[in-house]
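# Structural overview for review
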2 protein chains.
Amino acid sequence: MLSVSVLTDPGFCPHSLNKYASIMACGNGYMGIRAAHEEDYTQQTRGMYLAGLYHQAGRNETTELINLPDITGIEVELDGVNYTLLAGDILEWQRELAFANGELHRRVVWRSPNGKRYRLESRRFVSLDQLPLVAMQLAITPLDDASQVVMKTGIDATQTNTGRQHLDEISVRVFDQHYMQGVYETQDRAADVVISAFCQLSADSESCFTAKNRRLSAHYSLTIPKGDTVTLDKFVWVVHRSDKALSQESFARGALADLKVCAARGYASLLESSACAWEDVWRDARVEVASASPDDQMALDYAVWHLTTMTPAHDERSSIAAKGLTGEGYKGHVFWDTEIFLLPFHLFTRPQVARSLLRYRWLNLAGAREKARRNGWPGALFPWESAASGKEETPEFAAINIRTGMRQKVASALAEHHIVADIAWAVVAYWQATRDDAFMRNEGLTLLVETATFWMGRATEVNGRLEIHDVIGPDEYTEHVNNNAYTNYLAWHNVASACRFISMFEREEACFMEKATTFLARLWLPEADAGGVIPQDDSFMAKPAIDLSRYKAKAGKQTILLDYSRAEVNEMQILKQADVVMLNYLLPEKFTPAQCAANLAFYEPRTIHDSSLSKAIHGIVAARCGDTEGAYAFWRAGVAIDLGDDPHSSDDGIHAAATGAIWSGVIQGFAGMQIVEGELHLAPKLPAHWRKLAFPLRWQNARLRFTFENDVLTLDTSAPVTLTLWGKTVCVSERQAFSRREFLTSFNGTATTEASDEA
Amino acid sequence: MLSVSVLTDPGFCPHSLNKYASIMACGNGYMGIRAAHEEDYTQQTRGMYLAGLYHQAGRNETTELINLPDITGIEVELDGVNYTLLAGDILEWQRELAFANGELHRRVVWRSPNGKRYRLESRRFVSLDQLPLVAMQLAITPLDDASQVVMKTGIDATQTNTGRQHLDEISVRVFDQHYMQGVYETQDRAADVVISAFCQLSADSESCFTAKNRRLSAHYSLTIPKGDTVTLDKFVWVVHRSDKALSQESFARGALADLKVCAARGYASLLESSACAWEDVWRDARVEVASASPDDQMALDYAVWHLTTMTPAHDERSSIAAKGLTGEGYKGHVFWDTEIFLLPFHLFTRPQVARSLLRYRWLNLAGAREKARRNGWPGALFPWESAASGKEETPEFAAINIRTGMRQKVASALAEHHIVADIAWAVVAYWQATRDDAFMRNEGLTLLVETATFWMGRATEVNGRLEIHDVIGPDEYTEHVNNNAYTNYLAWHNVASACRFISMFEREEACFMEKATTFLARLWLPEADAGGVIPQDDSFMAKPAIDLSRYKAKAGKQTILLDYSRAEVNEMQILKQADVVMLNYLLPEKFTPAQCAANLAFYEPRTIHDSSLSKAIHGIVAARCGDTEGAYAFWRAGVAIDLGDDPHSSDDGIHAAATGAIWSGVIQGFAGMQIVEGELHLAPKLPAHWRKLAFPLRWQNARLRFTFENDVLTLDTSAPVTLTLWGKTVCVSERQAFSRREFLTSFNGTATTEASDEA
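Residues numbered from 1 in each chain as written. Chains lettered and ligands numbered in written order. Predicted model: local features only at pLDDT ≥ 70, side-chain atom pairs only at ≥ 80, totals over all residues. Heavy atoms only, no water.

For chain A, an unreviewed UniProt entry supplies the name Glycoside hydrolase family 65 protein and the organism Enterobacter quasiroggenkampii. Per its UniProt entry, chain A bears the Sequence similarities (unreviewed entry) comment "Belongs to the glycosyl hydrolase 65 family." (UniProt positions renumbered as here; feature names shortened; annotations may be inferred.)

## Quick word on the overall build of chain A
Secondary structure summary: chain A contains 21 helices and 29 strands in total. The C-alpha radius of gyration of chain A comes to 27 Å, within 12% of the 27 Å expected for a compact globule of 759 residues. The principal-axis extent of the C-alpha atoms belonging to chain A is close to 85 × 60 × 55 Å. When burial is assessed residue by residue, chain A has 62% of its 759 residues classed as buried. Considering only intrachain contacts with a sequence separation of at least 6, the fraction spanning at least 24 residues in chain A is 66%. Only carbon and sulfur atoms are counted for the fraction: they give 49% of the accessible area of chain A, which is about 26,700 Å². Counting 74 positive and 95 negative side-chain charges, chain A places the centres of these two groups 2 Å from one another. (Helix = DSSP H or I, 4+ residues; strand = E, 2+ residues; numbered from the N terminus. Rg over C-alpha atoms; globule rule 2.2 N^0.38 Å. Buried < 20%, exposed > 50% of the residue type's maximum accessible area, 1.4 Å probe, protein only. Contact = heavy atoms within 4.5 Å. Areas by Shrake-Rupley, 256 points an atom, 1.4 Å probe, with all protein chains shown as cover. Lys, Arg positive; Asp, Glu negative; His and termini not counted. Charge placed at Lys NZ, Arg CZ, Asp CG, Glu CD.)

## Considerations on the interface of chain B and chain A
With 53 residues of chain B at the interface, the matching set in chain A holds 53 residues. Buried surface at the junction of chain B and chain A, summed over both partners, amounts to about 4,000 Å²; 43% is from carbon and sulfur atoms. Contact with chain A buries area across many residues of chain B, yet R59(B), I402(B) and R403(B) alone supply 20% of it, more than any other trio. Across the chain B-chain A interface, the total number found is eight salt bridges. (Buried area = accessible area lost by both parts, 1.4 Å probe. Salt bridge = Lys/Arg side-chain N within 4 Å of Asp/Glu carboxyl O.)

## Describing the pairing of strand 28 (residues 728-739) of chain A
Residues and elements named next belong to chain A. Pairing between strand 27 (residues 712-725) and strand 28: eleven bridges, direction antiparallel. Paired with V721 across the bridge in strand 28 is V732. What sits between strand 27 and strand 28 in their antiparallel hairpin is a turn of two residues, with W726 showing a positive phi close to 45°. (Pairing = 2+ DSSP bridges.)

## As for the environment of V81(A)
Residue and element names in this part refer to chain A. Looking at the secondary structure, you find V81 in strand 8 (residues 81-82). Between the C-alpha atoms of V81 and P113, which are 32 residues apart in sequence, the distance is 7.9 Å. When sequence neighbours within four positions are dropped, the list of residues in contact with V81 reads V76, W110, S112, P113 and N114.

## Side note on the environment of R741(B)
Its place among the elements puts R741(B) in helix 21 (residues 740-746). The class of R741(B) is exposed, set by a relative accessible area of 62%.

## Digging into the sheet that holds strand 11 (residues 117-126) of chain B
All names here are of chain B. The antiparallel open sheet is built from nine strands, whose spatial order is 1-9-10-11-12-19-16-15-14. Whereas interior strands pair on both sides, the edge strands pair on one side only; in this sheet they are strand 1 (6-8) and strand 14 (167-175). With direction set aside, neighbouring strand axes in the sheet form an average angle of 15°. Pairing analysis gives seven bridges linking strand 15 (residues 179-186) to strand 16 (residues 192-201), with the strands arranged antiparallel. Each residue of the ladder has a partner; that of Y184, found in strand 16, is V193. Lying over the sheet, helix 3 (residues 267-285) contacts strand 10 (103-111), strand 11, strand 12 (133-142) and strand 19 (230-241), oriented at roughly 45° with respect to strand 11. (Axes fitted to C-alpha atoms, helices over the stretch in contact; angles between N-to-C directions.)

## Structural notes on the UniProt feature "domain: Glycoside hydrolase family 65 C-terminal" (unreviewed entry) in chain A
As annotated by UniProt and renumbered to match this structure, "domain: Glycoside hydrolase family 65 C-terminal" (unreviewed entry) occupies residues 673-730 of chain A. Regarding residues 673-730 of chain A, the helix share stands at 0% and the strand share at 72%, and the terminal C-alpha atoms are separated by 14 Å.

## Notes on the relation of the copies chain B and chain A
Least-squares fitting of chain B to chain A yields an RMSD of 0.1 Å, with the transformation described by 0.0 Å of translation along the axis and a rotation of 179°. The two molecules are tied by a two-fold rotation axis, judged by turn and shift. Judged by C-alpha distance, A87(B) is the residue of chain B that lies nearest the rotation axis, at 2.3 Å. Interface overlap between copies is the fraction of interface residues in one copy that are interface residues in the other; for chain B against chain A it reaches 100%, indicating a shared surface. (Least-squares fit on C-alpha atoms with pLDDT ≥ 70 in both.)

## Considering the pairing of strand 11 (residues 117-126) of chain A
Within a regular beta strand, the side chains point alternately toward one face of the sheet and then the other, so they alternate between its two faces. Residue and element names in this part refer to chain A. In terms of burial, strand 11 is largely enclosed, as seven of its ten residues are buried. Note that strand 10 (residues 103-111) and strand 11 share eight bridges and pair antiparallel. Within strand 11, the residue paired with R111 across the bridge is R117. Here strand 11 pairs with strand 12 (residues 133-142) via nine bridges, running antiparallel. Paired with Y118 across the strands is P142, a residue of strand 12. Linking strand 11 back to strand 12 in an antiparallel pair, the connection comprises six residues.

## Some thoughts on helix 4 (residues 294-309) of chain B
Relative to the 22 Å expected for 16 residues at 1.5 Å per residue, helix 4 of chain B spans 23 Å between its end C-alpha atoms, a close match to the ideal helical length. Helix 4 of chain B sits mainly inside the fold: 14 of its 16 residues count as buried. (Expected span 1.5 Å × (residues − 1).)

## Some thoughts on the sheet that holds strand 3 (residues 31-33) of chain A
Residue and element names in this part refer to chain A. In space, the three strands of this open sheet follow the order 2-3-4, with antiparallel pairing throughout. Each edge of the sheet is formed by a strand with only one pairing partner; in this case those strands are strand 2 (26-27) and strand 4 (48-50). Note that strand 2 and strand 3 share two bridges and pair antiparallel. The residue of strand 3 that forms the bridge with G27 is G32.

## Observations regarding the side chain of S614(B)
Tracing the backbone shows S614(B) in helix 18 (residues 614-624). At 3.2 Å, the side chain of S614(B) forms a polar contact with the backbone nitrogen of A578(B). (Polar contact = N/O pair within 3.5 Å; in protein donor to acceptor, adjacent residues only side chain to side chain.)

## Regarding the UniProt feature "domain: Glycoside hydrolase family 65 N-terminal" (unreviewed entry) in chain A
Taken from the UniProt record, the annotation "domain: Glycoside hydrolase family 65 N-terminal" (unreviewed entry) applies to residues 10-239 of chain A. Counting secondary structure, residues 10-239 of chain A comes out at 3% helix and 53% strand; the distance between its end C-alpha atoms is 34 Å.

## Thoughts on the packing of helix 19 (residues 628-643) of chain A against helix 20 (residues 656-670) of chain A
Residues and elements named next belong to chain A. The contact between helix 19 and helix 20 brings their axes to 9 Å, and the two run at 165°. Here helix 19 lies roughly antiparallel to helix 20, going by the angle between them. In terms of crossing hand, the pair formed by helix 19 and helix 20 is left-handed. Where helix 19 abuts helix 20, its residues T628, A631, Y632, W635, V639, I641 and D642 lie against A658, T659, A661, I662, G665, V666 and F670. (Parallel < 35°, antiparallel > 145°, perpendicular 65-115°, else oblique. Left-handed = near helix turned anticlockwise from the far one by under 90°.)

## A word on the nonpolar core
Among soluble globular proteins, nonpolar side chains are generally buried collectively. In this structure, M151(A), W336(A), M582(A), W635(A) and L693(A) are the most contacted members of the largest nonpolar core, which totals 234 residues. With 13 residues, helix 9 (residues 418-434) of chain A is the largest single contributor of residues to this core. For W336(A), the contacting residues outside a window of four places in its chain are F341(A), R361(A), W384(A), H418(A), I419(A), D422(A), P474(A), Y486(A), Q577(A), M582(A) and L613(A). With 233 residues, the next largest nonpolar core counts W110(B), L347(B), L523(B) and L715(B) among its residues. (Core = buried A, V, L, I, M, F, W, Y, C linked by side-chain atoms within 4.5 Å.)

## Re the pattern of salt bridges
Applying the stated criterion across every chain, the model contains 96 salt bridges over all chains. In this structure, D9(A) and R95(A) form a salt bridge, with 3.1 Å as the shortest nitrogen-oxygen distance. Of the two residues, D9(A) is situated in the loop between strand 1 (6-8) and helix 1 (17-23) and R95(A) in strand 9 (residues 89-98); the sequence distance between them amounts to 86 residues. Pair check on accessibility: D9(A) and R95(A) agree, each one buried. Close ionic contact of R46(B) with D70(B) constitutes a salt bridge, the shortest N to O distance being 3.9 Å. Taken together, the residues R46(B) in the loop between strand 3 (31-33) and strand 4 (48-50) and D70(B) in the loop between strand 6 (64-65) and strand 7 (74-78) connect sequence positions 24 residues apart. A residue is classified by how much of its surface remains accessible, and R46(B), at 7% relative accessible area, is buried. One salt-bridge network, held together by shared partners, links R59(A), D168(B), E185(B), D192(B), R241(B) and K244(B).

## A look at the packing of aromatic side chains
With the rule as written, the count across this model stands at 74 aromatic pairs over all chains. On the basis of an interplanar angle of 40° and a centroid distance of 6.5 Å, the ring pair of Y632(A) and F670(A) is categorised as tilted. With Y632(A) in helix 19 and F670(A) in helix 20, the pair connects residues that are 38 residues apart, well separated along the chain. Among the residues examined, Y632(A) registers a relative accessible area of 12% and is labelled buried. Residue class for F670(A) comes out buried when judged on its relative accessible area of 1%. Here the aromatic rings of F335(B) and W384(B) are separated by 6.1 Å at their centres, their planes lie at 90°, and the arrangement is edge-to-face. Of this pair, F335(B) sits in the loop between helix 4 and helix 5 (337-349) while W384(B) sits in the loop between helix 7 (365-374) and helix 8 (411-415), placing them 49 residues apart in sequence. Like F335(B), the residue W384(B) is buried in the burial classification. An aromatic cluster of at least three residues, connected via ring pairs, comprises Y330(A), F335(A), W336(A), F341(A), W384(A) and Y486(A). The ring centre of W524(B) lies 3.9 Å from the NZ or CZ of R465(B), which sits over that ring. Positioned over the ring face of F602(B) is R606(B), at 3.8 Å from the centre of the ring. (Phe/Tyr/Trp six-rings, centres within 6.5 Å; stacked < 30°, edge-to-face > 60°. Lys NZ or Arg CZ within 6 Å of the ring centre and 35° of its normal.)

Now the structure itself:
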C-alpha cells in the first residue's frame, strides 16, 4: 500500500486558524478535538465534543453539541515573554496531521521579540483504540541561552459554545503530583462529564495547582539549559454518562483509575496502540489512486480520515453530525446527510457501522411517530434535524430578521419530508449490501412499514390519483411545491420496498398490503418528457430561468439571496442543489442512461450548487453518463469545499457529507459502482490522468479488493461474487482480472466471463 | 485649582493589560466599563457592569454582577492584517485617562508586519450626566499609503463571567443604517437588559450588519487615502429593568429613542456635558496636595475618580461592590467596606450619597431579619456579603479544597457579625455629620434598634457578665473567638447609640431600654493592660508569636497560608489586618492617645496586612499618634495596592475600600479630622515633603474649605462652625486662618480663638 497522506498546514496565518482547526481535527467517533494551537489566539475557536452529548443552554436556544472544557490549551512563557506566533519571528515551521497514525504534529523554531530562539514541538492524538483518551506532548528547547520557562495547562471550563454555557462545575480535584479531575453536569442535570488529566514534566520544576473561575490548572516553572529539551506529557481521559446508576464519585474514581493505566504506558506506547487501530481502518477502507495530481490521493485519505473520526461506531444511540465532531456548525445535528451521503461509505467498508446508524433511527422512532401524530399523519415522520432524543430539533423559527424583527418558521422541518423516504432507501441499501435478514426482520421492516405508512397518509387524492403536496425536495430554493419528483419517486420506492420485504419475510400485514398496493398503483410519478427530462415538480417547468453564472461562480455562498428574496427565487428555475439529478443517482434502475443525461443537461445550468451536497452527485451521474472528465471536475469542486483555498469555508467544522461524497464520487463515479435491483454493478473508467484506482469493498458475505490499472480490473474476493461488470454479469472468485477493452469486445452477452485467471 | 491628574498607561504590555483595564476603568456609578483595548487580546478581560444587576448563573454558583454583552471591542484589519499590538512595532504610544473630564484616550502609531505605518486614535467616556450613555471614537490614519481598512463592531453577547452565562438573547435588531439593538433577559427572567448602539463612519464605506452566534455586528470596509483620517463614532445606551410594567418592546423602543437624541448631538457635545458633571465632582470632592512627589496628588485624584465611578448615587437599591464596577472580584458583592471605608468620603463630600447607602441597608432589613431568625437570634443580622436582595450571598461553602475534595463552610458569613455594628456605627456617623433628624427618626432608629436587638440576643451570660462568643473580628486569621474587643466595643456602641437616639427622639421603647441598660452595664469590654494594650480576644494573649517579616514583605498575597494551615495560623498571634487598631480608629473617644500608640506598637508587628483594608487604618492611627512620616509610609503602601508595580494586583478590579482609605488616610490622618463625641476635630500635620493640603468638607449645614499651607490653616465656611482645632474648640465663620505654631503657643484653653481674620 502506498503510504497514507499527510495533511499539511502550510504556515501560520491568523486568517486560516479555524480552517485548519477544522480540517486537521482529531477524533475517533466518540470524541472530536479541533486542531487549535496550544497557545491561544483571539480568533481561534477551540472545541472538544463528545458524540451524542447535546444540551439546550437557555430559552430560545437550540439543543447543541456541547463544547466541553478545554484540555488542549497550554500557556507558555519564555523568559518572561508570552509565546504567541503573532509576535517575534517564525524561523522554521512544520505542521502536519499524519493520517496513517492519527498524530497531529507541529514543530516551530521561534525567535521571541527579545531576540532569543526556541524550538517548540507539540504532538497530539485522539486514541482510536481507547476512545476516551487524548495524549499530548509539548517539548521546548531554548536554542540560544538557558531559559526561564513557565507553562500552565489543565482543564478550562470557561469554554462555551460562543457564549452559551451548558455545564455546571460540580467539583475540581487534584491527586498527588500529576492528576487533575473536573466533574461537570449539564445544567439540566441529565448528564455528567468527567475530565481527568495527567501531566508530567521530563525535568524537575516548581509546580503548583490552582482552581479558580472554572479553570483547574497546573503551573510549572523551570530553567532549561541551552540546547536541552524539556517535555510535558499530558494524557486526558474524557467520559460522560446519562445513566446515573453509579454514584458520581464512583464514576469519577473509575475514570481516574482508567487514566492511571494509560499514564503508566507513556506517550509512545499509547500512540502505537492507536496507530494499530488506524492501520486496520486504512486496510479496510483506503482508496488508492495513482494520479498525476497528488491532491487526489490526499482528498481520498482526508475523506476516510474524517469519515472515521466523525462516526460514533461505538454507540448506536448517536449518529453523525453535519460537521462531524469538528465544529459547532448546524449545532451538531443529524440530517439526511447521514443516510444518503455517509452511509454508503460504511456500508461498503464497515457494514456493521451502517447497521448502527440505522439502529439510531430505529431507536428514535418514538420521536418520529410523535412528529407525524402532531401533524395529523400516521406512521413515522423523522425529524429534519435530530440529536440525542430523536425529536425534531430544527428551531421552530429561523434566526431573527434583524431588519424586520420577524422570525420566519423554518420550512425544512415543516415540509422537507423526503428524509422519511431517504431513511427507508438506506434500510433497503443496507439489506442489499449485507443480506442481514435479522436486521430486516426486526428494525428494517419496522422502519419500512412506519415510513411507508407515513407516505400513504401524506398523499392527497386529486382527480383519482394520489399526489404529494406542499413539500420541499432536496432543492431548498424551491419550497412548498406539489409532486416533487424526488419525493414522489422515493416515497413510491419506500412503500414498494415495505411491500417487498413484508412478502419476503412472510409478515401478516394484509391491511397494509392492500392499502400499499393501491398507493403504488395510484401515486403520481412525474413522467419524463420526450427529451427524457423529468419535471422537478408540478410548477417548475412553467417558471422562468435566468442566467446563474455569477452565482455559480460563488457556489456555496448563497449570493443569489443578496439579489433576490427567497420568495422571488422560489418563482424561478433556480436550484440550490441536485434534485432530479439526485433522484437519478439514488434510483438508477428507474431511469435510462439517456434520461439521466437529459436531466443532467437540463438541470445543471439551473443549479447554483449552493449546497455542499450538490456537485458530487452531479459528478457521479456525469460519470455514469460517460462524461468522466466532467465528473472529475465536479469531484474536484466537491473536494475544494473543505480543502480549497477559502480560508473560512470550514470555520464551523468540516462538511461531513462532502467527505462522504469524496468517497462516493470515486467509487460510484470512476469505479462505476451501482446497486441496481439489488445487484452489484462495476464499470470502472478513470479520469485521463489517473493510472490506477484500488480499494477494498464489502459486498454481502465477500471482502473484495478492486484494482483497476492500465485498463485492467483485478478483483480479489474472499468468497465468490456475482456482479455486473461493464454491463455484463460475471461470477468472480478468488482473484480475477479483466481487461476492459478485451472484455467489452469479446463479451457477447452470455453470463460467463472471459477473465484471465491471475492466481 | 491645580489641574486634575491624568492617569497614564506607560506602554503596551501583555502582562499588565488587566491592571490598566481595572485602574483606568470608566464609570458613573450606574455603569462601569473596563479599560480594555478596542482590539482583543487573549489575556485581556473585557467587562461592562451595571450597579445592582446580579444573577446566579447555575447551581453551585454564587450570585454575581453580570458581565454584560461587550460594546467596546472593535476588530480592525489594515491592508489585510489584523491590528494587534503583539505584532509589528509600536512607534508612538500614548494612553491616558483624564480624570478632569473622564475621557480615556489612546494614540498609537503602529508599523504593521507588512511595513506600513498607521495612526490609530481612540477615545471613550462613560457619561456622568446621562448615566446609560457610553461614547467612543476610533480614528484611523494610514501614514504611508492608501489603505484598505475593515472594521467590525457591535454588541457581542458571547461575553461571560469566565464562562458563566447569565443572559438569554431575546432579540437583535438593526434600524436604518446606524442603529443596532440587542434585548437580553436574565436566565431567571427577572430582569431585562437593552443595549442600543449607534455607529457612524466619517467617510463612505461598504457596510453591512450580521447577527450570528450572539454577535450583532456592523461591518465596514473602505479605502482611506494616505494621510486622511476616518473616524468611527459609536454611542451606546445601556438600560435594564426588573419591573416589567412596560412591554419589552416599548422598553426597547424608548431606549432607542433616547439614544437617537444623543446621536444627534455628537461626541464633542456629549463629552462636554459629561465633563461639566465631572467639574462638579472635582469642585465638591477634590483633595489637593502640593507634594514633592507628584504621585501623591495622582493617588488622591485616582481615589476620588473611583469613589465617584463606583458609587450608585442614583439608586438606593444598590450599594458599592468590593471592586466597584471595574471587575468581577468578590462577585460584585457589598461588604462592610461600604460603611467603614467608603461611606466617610461621601459623608463629608456628598452626604446625600451616604444617606442612600444607608437606605440600601434599611431597604434590605428583611434579609437581615431573616438571617438572624434562621440562626435563632432576634433583630437584624446583616449579611456578610450582600447583593440586590439583602439576603446572605456569601457562598455557604468555600471553594473546594482541590487536594481533599472537601468544601469548608465559609466562616465569615457564620461569625463575622461585626458588620451589624459597623452599619450602626455608620448610621450614627451619618447623623453626626448631617443632623438629618428625618432620617434618624425613620430609617436610622429602625436600623439602630434592630441591630442593637441582635446584639442583646447574641450575647451570652457567663458568671454574671455578658460575653460575645464565637465571632470573627476584622482580623480573619483569628476565627471563632470569644470577646473579640472590636466586636464587643462596637456592639456596645451600637446598643448605646440606639438608647441615645431613642431618648433623643422620645420614642416609647421602655422594654428595649430596660434590656439595653442591663446589656450596657454587663457587657464585657476587654480592658487595656497596664501598658495600654487591649487584648484582641480572650485567647489571643496566650498564643505564641512568630517572626512575620517574610510574610509582611509579601503583604496582600496571603503567603502565610503556604506554610501554615488556617487552623495553625489561628493558634498564633498572627493578624491578617487591623483589629484592635481598627477599633482605636473607629471609636477615638473610647481610648487615650497612649492606648492607641500602645496597641499600634503591640499589634503592628503581629499584623501581616494581607487585607487591603489594613495599612491605611494603621496609617491614620499612626498619624493621630503623631507619627506623620510613619503614617505617610502606611498611606503610600495603601496607594500601591492598585497603583503600585504589581502587574496583577488589580486584575479582578480595583480595591474599592482602598480608594476610600486613600481619601481617609489624608483627611483623617494628615488633616487630623476626627469625629469625637459627635464633634468635628481637625489637627493638620503634613508629611515633611508636603507643602500644602486643601479640600472641601461638608459638616452639618456648612460647606467648609480646608487649606493648610506653610503651617497655616485657612478655613472657609458657608455657615458658622464650631470645631476642635489641635485640641482646642474654635468657632469659625466665613474665612479664618490659623497659624499652627501661634495657635498652639498662644492658646490657653479658653473657648475663643486667636485666629487672624483673612477676609
